[in-house]
Amino acid sequence: MLRQRTLKTLTKAVGVGLHSGQRVELTLRPAQPDTGIVFRRTDLAVPVDIPVSAEAVTDTRLASTISNGGAKVHTVEHLMSACAGLGVDNLYVDITAEEVPILDGSSASFVFLLQSAGIEQQNAPRRFIRVLRPVEVREGEGENLKWARLDPYHGYKLRFEIDFAHRVVDSTGQHHEFDLSSGQYSRDIARARTFGFTKDVEMMRSRGLGLGAGMDNAIVMDDYRVLNAEGLRYDDEFVKHKILDAMGDLYLLGKPLLAAYSAFRSGHAMNNRLIRALLADQDAFEVVSFADERQAPAGFAVPARAW
Ligand SMILES: [Zn+2]
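Structural notes, computed from the coordinates.

Calculation notes
- One numbering rule holds for all chains: residues counted from 1, following each sequence as written.
- The model is predicted, so local features are restricted to residues of pLDDT at least 70 and side-chain atom pairs to those at 80 or more, both for listing and for counting; the totals for chains, interfaces and linings are taken over all residues.
- Side-chain numbers here rest on the full set of heavy atoms in the structure, without hydrogens or water.
- For helices the rule is a DSSP run of H or I covering at least 4 residues; for strands it is a run of E covering at least 2, with both sets numbered from the N terminus onward.
- The atom set for the radius of gyration is the C-alpha atoms, and the globule formula is 2.2 Å times the number of residues raised to the power 0.38.
- Accessible area is worked out with a 1.4 Å probe on protein chains only. A residue is then buried under 20% of its type maximum, exposed over 50%, and partly exposed in between.
- Any two residues having at least one pair of non-hydrogen atoms within 4.5 Å are treated as being in contact.
- Computed with the Shrake-Rupley method and a 1.4 Å probe, the accessible areas treat only the protein chains shown as cover for residues.
- The sign given to each residue is positive for Lys and Arg and negative for Asp and Glu; His and the chain ends receive no count.
- For the purpose of locating charges, the reference atoms are NZ of Lys, CZ of Arg, CG of Asp and CD of Glu.
- Any Phe, Tyr or Trp ring, taking Trp's six-membered ring, that has another such ring centre within 6.5 Å forms a pair; planes under 30 degrees apart are called stacked, those over 60 apart edge-to-face, and the others tilted.
- Strands pair, by our definition, only if DSSP identifies at least two bridges between them.
- Axes here refer to lines fitted to C-alpha atoms; in helices the fit is confined to the stretch in contact. Angles between the N-to-C directions go from 0 to 180 degrees.
- A 3.5 Å cut-off defines polar contacts: any pair of N or O atoms within that distance qualifies, except that in protein one atom must be a possible hydrogen donor and the other a possible acceptor, and neighbouring residues in sequence count only when both atoms are side-chain atoms.
- Counted as coordinating are nitrogen, oxygen and sulfur atoms within 2.8 Å of the metal, or 3.2 Å for Na, K and Ca, while water is not included, which may make sites look incomplete.
- Irregular is the default label, applied whenever a site is not tetrahedral (four donors, all angles between 85 and 135 degrees) and neither square planar nor octahedral (four or six donors, opposite donors over 155 degrees apart, all other angles between 65 and 115).

### Re the overall build of the protein chain
- Secondary structure summary: the protein chain contains seven helices and 19 strands in total.
- For a compact globule of 307 residues, the expected C-alpha radius of gyration is about 19 Å, and the protein chain comes in at 18 Å, within 12% of that figure.
- Each principal axis of the C-alpha distribution contributes one length, and for the protein chain these read about 55 × 45 × 35 Å.
- The proportion of buried residues among the 307 residues of the protein chain is 54%.
- Counted over contacts in the protein chain with a minimum sequence separation of 6, partners at least 24 positions apart contribute 75%.
- As displayed, the protein chain has an accessible area near 13,200 Å², and 48% of this comes from carbon and sulfur atoms.
- Put simply, the protein chain has 36 plus and 40 minus side-chain charges, and the middle of one group is 3 Å from the middle of the other.

### Some details on the packing of aromatic side chains
- Taken as a whole, this structure holds seven aromatic pairs when the rule is applied.
- Relative to phenylalanine 300, the ring of phenylalanine 128 lies with its centre 5.9 Å away and its plane at 40 degrees, an arrangement referred to as tilted. Placement of the pair is phenylalanine 128 in strand E11 (residues 128-131) and phenylalanine 300 in the segment after strand E19 (285-288), with a sequence separation of 172 residues.
- For phenylalanine 300, a relative accessible area of 6% puts it in the buried group.

### So, the sheet that holds strand E7 (residues 65-68)
- Strand order in the open sheet made by the three strands is E6-E7-E8, with antiparallel pairing throughout. The open sheet has two free edges, formed respectively by strand E6 (57-59) and strand E8 (71-73), since each of these has just one partner strand. Direction aside, neighbouring strands of the sheet carry axes that sit 45 degrees apart on average.
- Here E7 pairs with E8 via three bridges, running antiparallel. Within the sheet, the bridge partner assigned to serine 67 lies in E8 and is lysine 72.

### Some thoughts on helix H1 (residues 77-86)
- Across the ten residues that make up H1, a large majority, ten, are buried.
- At the exit of H1 stands glycine 87, carrying a positive phi of roughly 75 degrees.

### Things to note about the pairing of strand E12 (residues 135-139)
- In this sheet, strand E13 (residues 146-151) lies alongside E12 in antiparallel orientation, the contact comprising five bridges. From the neighbouring strand, valine 137 faces E13, where its bridge partner is alanine 148.
- Counting the residues in the hairpin turn of E12 and E13 gives six residues, including glycine 140, whose phi is positive at 75 degrees.

### Details of the side chain of serine 106
- With respect to the helices, strands and loops of the structure, serine 106 is situated in the loop between strand E9 (91-95) and helix H2 (108-117).
- Judged by relative accessible area, serine 106 falls into the buried class, the value being 0%.
- Only 2.9 Å separates the side chain of serine 106 from the side chain of aspartate 104, close enough to count as a polar contact.
- There is a polar contact of 3.0 Å between the side chain of serine 106 and the backbone nitrogen of alanine 108.
- With residues near it in sequence (within four places) discarded, serine 106 still touches His78, Ala190, Arg191, Ala192, Arg193, Arg233 and Leu244.

### Remarks on the coordination of the zinc ion
- With distances of 2.1 to 2.7 Å, the protein atoms coordinating the zinc ion are His78 (NE2), His241 (NE2), Asp245 (OD) and Asp245 (OD).
- Relative to the metal, the four donor atoms surrounding the zinc ion lie at angles of 53 to 148 degrees, and the coordination shape comes out irregular.
- Each donor residue of the zinc ion belongs to the same chain, with the gaps between them written as H-x162-H-x3-D. Of this pair, histidine 78 sits in helix H1 while histidine 241 sits in helix H6 (residues 237-251), and the two are 163 residues apart along the sequence.

Put into structure tokens, the structure is as follows:
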């Protein structure tokens, strides 16, 4: 049987929120089978649980925010991406503020935390959402066109294309395809950082956002070049970060996908529209598990390797 996974033990991190600039403590704890991933705001007078789901996403400007009643957690996508990449099904995420710490701006720190705690198999079948027919969302035309879609695929792969009118980004790889069966999430995707432009940072700060952003947690560019002294981690770090984000946004479904995702200039909002469109079409998916691991896609029975 292909089993659900949680952590062996708890692990903690302290950091700042990218947008709030607030100090935040994060504790990742093991959870029982079928719990899913549940964020818990432990700083509130009465702690509030926020289980992840497509419908829990209430804001997608700049980052993915999930809510339960008035309680929110912003910027869940990089941690969710690490959970998707390592195949973690059940987890409590205790958090002392309303934003997940940005750490180094990628999901590499979350991968490190999860792997330090150790990943444990549980005595319950891992359930997947298998896409049975294409689902697509699109908006705009010409220069404003963007789209994202899911197609049937026995495995999980993501193909992303970006099109920024910016000379730094344009000189790097604009598209990338990643197949989870490669077992190389940690090495090939997890280290890609979020990115921004100095002029946008000034605009965001005037709106009280991006207060925690800096060169230790983002790629920062002016009109001509990358300002970080160490340069890029991958030649095509920008598009790889978009794949990292998409993996986190799609994992908000609450179950891993068996599908081929492809997207052109998509972002958090469109990724959320895509999973809502999938769930709205009962004939477009089924929930499956694998009593015999050998029936699962190649590589899925083995937790992703460390780099
Ligand atoms: Zn991101």
